[in-house]
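Coordinate analysis (summary)
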Amino acid sequence: MTYANWVRQAKAGTLATIDAHRLQPVGDLQAEISRLKRELATACEERDILKKATAYFAKLSK
């Protein structure tokens, strides 16, 4: 299976995930959970960068 096929199936909501020994289609709820996890990871990365930048600039201003 190619990457383009995976993307097309993911957008259509028909991409299967391996669940032990059988395949299950990805539903709306699982797709939403995945999207929210990605969004949370991005927000955490941005937060960490801002914390480091704040500490850096606070150190410079002393």
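Quantities reported herein were computed from a predicted structural model and do not represent experimental measurements.

Parameters and conventions
Residues numbered from 1 in each chain as written. Predicted model: local features only at pLDDT ≥ 70, side-chain atom pairs only at ≥ 80, totals over all residues. Heavy atoms only, no water. Helix = DSSP H or I, 4+ residues; strand = E, 2+ residues; numbered from the N terminus. Areas by Shrake-Rupley, 256 points an atom, 1.4 Å probe, with all protein chains shown as cover. 1 Å grid on protein atoms, 1.4 Å probe; cavity = no way out; pocket = protein on both sides within 12 Å on 5 of 7 lines; lining within 4 Å. Points joined across faces, edges and corners; volume = space filled by probe spheres on them. Nonpolar A, V, L, I, M, F, W, Y, C, P; charged D, E, K, R; others polar. Salt bridge = Lys/Arg side-chain N within 4 Å of Asp/Glu carboxyl O. Phe/Tyr/Trp six-rings, centres within 6.5 Å; stacked < 30°, edge-to-face > 60°. Buried < 20%, exposed > 50% of the residue type's maximum accessible area, 1.4 Å probe, protein only. Patch = residues over 30% accessible without salt bridge, like charges linked within 9 Å, V, L, I, M, F, W, Y side chains within 5 Å.

The helix and strand tally for the protein stands at 2 helices and 2 strands. For the protein, the accessible surface area stands at approximately 5,800 Å², while carbon and sulfur atoms represent 62% of it.

What follows deals with the layout of surface pockets. Approximately 170 Å³ is the volume attributed to the largest pocket. If you go around the largest pocket, you meet 10 residues; those closest to its centre are Ala10, Leu15, Val26, Ala31 and Ser34. With 4 residues, helix α2 (residues 28-61) is the largest single contributor of residues to the lining of the largest pocket. Per-class residue counts for the lining of the largest pocket are 4 nonpolar, 5 polar and 1 charged.

Before going further, it helps to spend a moment on the pattern of salt bridges. This structure, assessed with the given rule, holds 3 salt bridges. Measuring nitrogen to oxygen at the nearest pair gives 2.7 Å for the salt bridge that ties Glu32 to Arg35. Separated by 3 residues within a single helix, Glu32 and Arg35 lie in helix α2, roughly one turn from each other. One salt bridge in this structure joins Glu39 and Arg35, with 2.8 Å as the shortest N-O distance. Here Glu39 and its partner Arg35 are both found in helix α2, 4 residues apart, which amounts to about one turn of the helix.

Let us look at the packing of aromatic side chains. Any aromatic ring pair is given by two values, namely how distant the centres are and how the planes are angled relative to each other. Going through the model one piece at a time under the given rule, you end up with 1 aromatic pair. Residues Tyr56 and Phe57 carry aromatic rings whose centres are separated by 5.3 Å and whose planes lie at 75 degrees to one another, so their mutual orientation is edge-to-face. A relative accessible area of 48% means that Tyr56 is categorised as partly exposed.

Now for a nonpolar patch on the surface. Taken together, Tyr56, Phe57 and Leu60 make up a surface patch of nonpolar side chains, about 360 Å² in accessible area. Take Leu60: its relative accessible area is 54%, and that puts it in the exposed class.

The next thing to look at is the environment of Ala12. When you line up the elements, Ala12 lands in helix α1 (residues 3-12). Taking the relative accessible area as the measure of exposure, Ala12 reaches 57% and is therefore exposed. Separated by 14 residues in the primary sequence, Ala12 and Val26 place their C-alpha atoms 9.7 Å from one another.

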